[in-house]
Amino acid sequence: MLYAIISEDNENSLEKRLAARPAHLERAKKLVDDGRLILGGPHPAIDSEDPGTNGFTGSLIVAEFDSLESAQAWADADPYVKAGVYKKVTVKPFKKVLP
């Protein structure tokens, strides 16, 4: 089943995000390699593809997991969680309707 992992950043966490980004992306790439990632990416803090020093307000990942528990465990182990980038992470089932 698909699950949405919706994360909200702590304020002023851009430096922590940038430091943890390589480990975060390496982990997400495993989902890609396994054919389980539907989409993923950050939410810019301003209306721009490159928000610069304005940073980000969070991230979204939609991926396939065996269960809600396994999706939650994956989210809990994210390098951004460990680095203190995220203040809140919500994991919930997701039903893709379109396209």
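Parameters at a glance
- Residues numbered from 1 in each chain as written.
- Predicted model: local features only at pLDDT ≥ 70, side-chain atom pairs only at ≥ 80, totals over all residues.
- Heavy atoms only, no water.
- Buried < 20%, exposed > 50% of the residue type's maximum accessible area, 1.4 Å probe, protein only.
- Helix = DSSP H or I, 4+ residues; strand = E, 2+ residues; numbered from the N terminus.
- Arc of directions from axis to C-beta.
- Contact = heavy atoms within 4.5 Å.
- 1 Å grid on protein atoms, 1.4 Å probe; cavity = no way out; pocket = protein on both sides within 12 Å on 5 of 7 lines; lining within 4 Å.
- Points joined across faces, edges and corners; volume = space filled by probe spheres on them.
- Nonpolar A, V, L, I, M, F, W, Y, C, P; charged D, E, K, R; others polar.
- Polar contact = N/O pair within 3.5 Å; in protein donor to acceptor, adjacent residues only side chain to side chain.

K.L.:
Help me out: how do you make sense of helix H2 (residues 68-76) in this one?
P.N.:
In an α-helix there are 3.6 residues to a turn, and that puts residues three or four apart on one side. If you check which residues of H2 are buried, you get Ala71, Trp74 and Ala75. Buried residues of H2, seen end-on, are gathered within an arc of 100 degrees and therefore sit on one face of the element. Of the surrounding secondary structure, the elements contacted by the buried residues of H2 are strand E1 (2-9), helix H1 (14-33), strand E3 (56-64), helix H3 (79-83) and strand E4 (86-94).

K.L.:
Is there a simple way to explain the layout of surface pockets in this structure?
P.N.:
Taken as a whole, the largest pocket holds about 260 Å³ of empty space. What lines the largest pocket is a set of 14 residues, among which Arg21, His24, Leu25, Gly41 and Pro42 lie closest to the centre. At the level of elements, H1, strand E2 (37-44) and E3 are the ones that each hand at least two residues to the lining of the largest pocket. Take the lining of the largest pocket: its biggest share by element is 6 residues, from H1. Considered class by class, the residues forming the lining of the largest pocket number 8 nonpolar, 4 polar and 2 charged. Here the second largest pocket is characterised by a volume of approximately 180 Å³. Surrounding the second largest pocket, 14 residues form its lining, Asn10, Asn12, Ser13, Asn54 and Phe56 being those nearest its centre. Contributions of two or more residues to the lining of the second largest pocket are made by H1 and E3.

K.L.:
It is not clear to me how the side chain of aspartate 9 should be interpreted in this structure. Could you clarify?
P.N.:
With respect to the helices and strands, aspartate 9 occurs in strand E1. At 2.9 Å, the side chain of aspartate 9 and the side chain of arginine 17 are in polar contact.

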